[in-house]
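# Descriptive structure summary
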Amino acid sequence: MRAPVLASLASVVLVAACGRVGYDTLGGDDGIDAAVDDARVDDAEIDAPGAPPGVLTTCGDAVLVQDFGPAQSASFYGLDVAATSTGFVVAWSAGADMIRATGLAVNSGPRLEVIQLSADIVSEQDAVMSIAAIGDDAMLGVDDPGGPGIWLFALDERGLERSTTKYIDTARAYGHDFVMADPVSDIFVVMGANGTSTASEAYTRDHDIHPLTGPHAAFTVGTESAAAVKVNGGYMLMTGNSSNCDVKKVDAAFAAVGSPQPVNMTCHHASLAAPVGSNNVVAGWNCDNDAVWVTAGDLSGALPGERAVYGDSSNSASNPRLAVTNAGVWYGFQVTGGRLGVALVDATGAVVAGNDAAVVHTSANLRAYDLAVWGNVAFLFWLDSSTRTELWAMKLCGA
């Protein structure tokens, strides 16, 4: 088990087919690339008299949010973003085997203002991370491969620690979505597993990451990614591995509601979202056939037929992220060649008219990305790192 760092300021070639007969993968035209690598918002626009601080974001344009300085040697790159009342807390890793946090305010425009450049959180190599927030209180989970265990950090809206570090010493963390905020019950949920071949479980924590309940048995199958989302009457849970995804509804005490429902295909990067104004759940994942997939509905019963969102052998897509707005669920994904794509789907998983999947950004230096929503506005965030490490963002707008 590695010791955390006290918060301080710091300046595939895929060959296996999967999916049910009748659902074709999508591909062909990559869509329209936005202005990318060297795009900057003009200084005069940022500093116009009376303008609030921060970089102005406009629909579909990539903007540089923060230059973190000269690139450091890195064996692992990671990025996970949580919306707070103030803006966003960005957890990231891009060198020196260090997980760091940066705080952003969202000002009118909207403009993204860095309010805390970089706080060192924990020294960890090749770790997965997941962050969620309730109000301005965030919880960051970091897998500890050497433990085995899961580090938990209570952060404020700036990304600075506000409570003593906690540690789960009975489980490992898998995927990008294993920490979930439940503002209705005013708790955080952490998904973990004793190993990729063993059962997964759930834990609950308060705002200051003190233990509440758990471990609660979640799945009996192994996992390489796990996710949870709040639904009426409890939670929907999802786990994925090299054989299939399982989804399962549980009540507020994590007792099963019905039986787990399998998605009968290889399943990586399990992701869940609860659309606004619906009792449905949207699930995303990628398969070993170069496509990212979606299914949606009342996932506690027989699953609706899944559909491919994007991807083919020439444009292999993977690593989906989901984020909810009133207009629908934004579905982000990576495409080979340093590309990022998005689509907007509704509560049934169907593409919202005029918002088909398309590549919106290309960069040879793309290292990691995430998708997050603040004030009903969705943003793509990503790390570029070559000679310097930079945080970029793009405001997403539906047709």
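Remember, predicted model here, so these are calculated numbers, not experimental data. (Residues numbered from 1 in each chain as written. Predicted model: local features only at pLDDT ≥ 70, side-chain atom pairs only at ≥ 80, totals over all residues. Heavy atoms only, no water.)

### Quick word on the overall build of the protein chain
Along the backbone of the protein chain there are one helix and 29 strands. For the protein chain, the residues scored as buried account for 56% of the 399 residues in total. Summing over all exposed atoms, the protein chain offers an accessible surface of approximately 14700 Å²; the carbon and sulfur share of this is 51%. (Helix = DSSP H or I, 4+ residues; strand = E, 2+ residues; numbered from the N terminus. Buried < 20%, exposed > 50% of the residue type's maximum accessible area, 1.4 Å probe, protein only. Areas by Shrake-Rupley, 256 points an atom, 1.4 Å probe, with all protein chains shown as cover.)

### Some remarks on the sheet that holds strand β27 (residues 366-374)
Judged by pairing direction, the sheet is antiparallel, and its four strands sit side by side in the order β2-β29-β28-β27 without closing on themselves. Whereas interior strands pair on both sides, the edge strands pair on one side only; in this sheet they are β2 (62-70) and β27. Each neighbouring strand pair of the sheet contributes to a mean axis angle of 20°, computed without reference to strand direction. Pairing of β2 with strand β29 (residues 388-396) involves seven bridges; the strand directions are antiparallel. (Pairing = 2+ DSSP bridges. Axes fitted to C-alpha atoms, helices over the stretch in contact; angles between N-to-C directions.)

### Concerning the packing of aromatic side chains
Inspection of the entire model under this criterion finds 10 aromatic pairs. Centroid distance Y310 to F333: 5.1 Å. Interplanar angle 25°. Geometry classified as stacked. Residue Y310 is found in strand β22 (residues 307-310), and its partner F333 is found in strand β24 (residues 328-335); the two are separated by 23 residues along the sequence. Across the pair, exposure class does not vary: Y310 and F333 are buried alike. Grouping aromatic residues by their ring pairs yields a cluster made of F88, F379 and F381. Lying over the aromatic face of F219, K248 brings its terminal NZ or CZ to 5.9 Å of the ring centre. (Phe/Tyr/Trp six-rings, centres within 6.5 Å; stacked < 30°, edge-to-face > 60°. Lys NZ or Arg CZ within 6 Å of the ring centre and 35° of its normal.)

### A word on the pairing of strand β26 (residues 358-362)
Extensive coverage of β26 is indicated by the burial of four of its five residues. Both strand β25 (residues 339-345) and β26 contribute to a ladder of four bridges, which runs antiparallel. In the sheet register, L340 faces β26, and the bridge partner there is H361.

### Comments concerning the side chain of D80
Its location among the elements puts D80 in strand β3 (residues 78-83). We note that D80 is buried and unpaired, the nearest opposite charge coming from R321 at a distance of 4.8 Å. A polar contact is formed between the side chain of D80 and the backbone nitrogen of I131, at a distance of 2.8 Å. Sequence-distant contacts of D80, defined by excluding residues within four places in its chain, comprise V89, V90, A91, M129, S130, I131, H176 and D370. (Lys, Arg positive; Asp, Glu negative; His and termini not counted. Salt bridge = Lys/Arg side-chain N within 4 Å of Asp/Glu carboxyl O. Polar contact = N/O pair within 3.5 Å; in protein donor to acceptor, adjacent residues only side chain to side chain. Contact = heavy atoms within 4.5 Å.)

### A few points about the sheet that holds β25
A sheet is described by the order of its strands in space; here four strands give the open sequence β23-β24-β25-β26, paired in antiparallel fashion. Looking at the sheet topology across the chains shown, the edges are occupied by β23 (317-325) and β26. The sheet shows a mean angle of 25° between the axes of neighbouring strands, direction not considered. Where β23 and β24 come together, seven bridges link them in antiparallel fashion. Counterpart to S318 in the pairing with β24 is Q334.

### Observations regarding the pattern of salt bridges
In total, this model carries eight salt bridges according to the counting rule given. R388 serves as the salt-bridge partner of D67, at 2.7 Å between the closest nitrogen and oxygen. Pair noted here: D67 is in strand β2 and R388 is in strand β29, with a separation of 321 residues, a long-range link. The shortest N-O distance in the salt bridge between D182 and K230 comes to 3.6 Å. Of this pair, D182 sits in strand β11 (residues 179-182) while K230 sits in strand β15 (residues 225-231), and the two are 48 residues apart along the sequence. Judged by relative accessible area, K230 falls into the partly exposed class, the value being 22%. The structure contains a network of salt bridges with shared partners spanning D137, R162 and D208.

### Some thoughts on unusual backbone geometry
Looking along the chain, the bond that leaves G109 and enters P110 is cis, with omega of -5°. The residue P110 is located in the loop between β5 (98-107) and β6 (111-123) in this model. Backbone torsion omega between G147 and P148 reads -10°, so that peptide bond is classified as cis. Of note, the phi angle at D186 is positive, near 60°, even though the residue is not glycine. Tracing the sequence through the fold places D186 in the loop between β11 and β12 (187-193).

### Let's talk about the pairing of strand β7 (residues 129-134)
Across the six residues of β7, six count as buried, placing the element largely inside the fold. Covered by surrounding structure in β7 are M129, I131 and A133 together with S130, A132 and I134, the residues of both alternating faces. Pairing analysis gives six bridges linking β7 to strand β8 (residues 137-144), with the strands arranged antiparallel. Bridge pairing in β8 links A133 to A138. The hairpin turn running from β7 into β8, its antiparallel successor, is two residues long, and G135 in that turn takes a positive phi close to 65°.

### Details of the layout of surface pockets
Taken as a whole, the largest pocket holds about 1100 Å³ of empty space. In terms of lining, the largest pocket is formed by 46 residues, of which the most central are A181, V229, L322, A323 and V324. Mapped onto the lining of the largest pocket, the elements with two or more residues apiece are β3, β7, β11, β15, β19 (268-273), β23 and β27. Of the volumes computed, that of the second largest pocket is approximately 440 Å³. What lines the second largest pocket is a set of 25 residues, and nearest its centre among them are F76, V128, H176, H269 and R321. Secondary structure elements with two or more residues in the lining of the second largest pocket: β3, β19, β23 and β27. When the residues that make up the lining of the second largest pocket are grouped by side-chain class, the tally is 10 nonpolar, eight polar and seven charged. (1 Å grid on protein atoms, 1.4 Å probe; cavity = no way out; pocket = protein on both sides within 12 Å on 5 of 7 lines; lining within 4 Å. Points joined across faces, edges and corners; volume = space filled by probe spheres on them. Nonpolar A, V, L, I, M, F, W, Y, C, P; charged D, E, K, R; others polar.)

The analysis is restricted to geometry; functional conclusions fall outside its scope.
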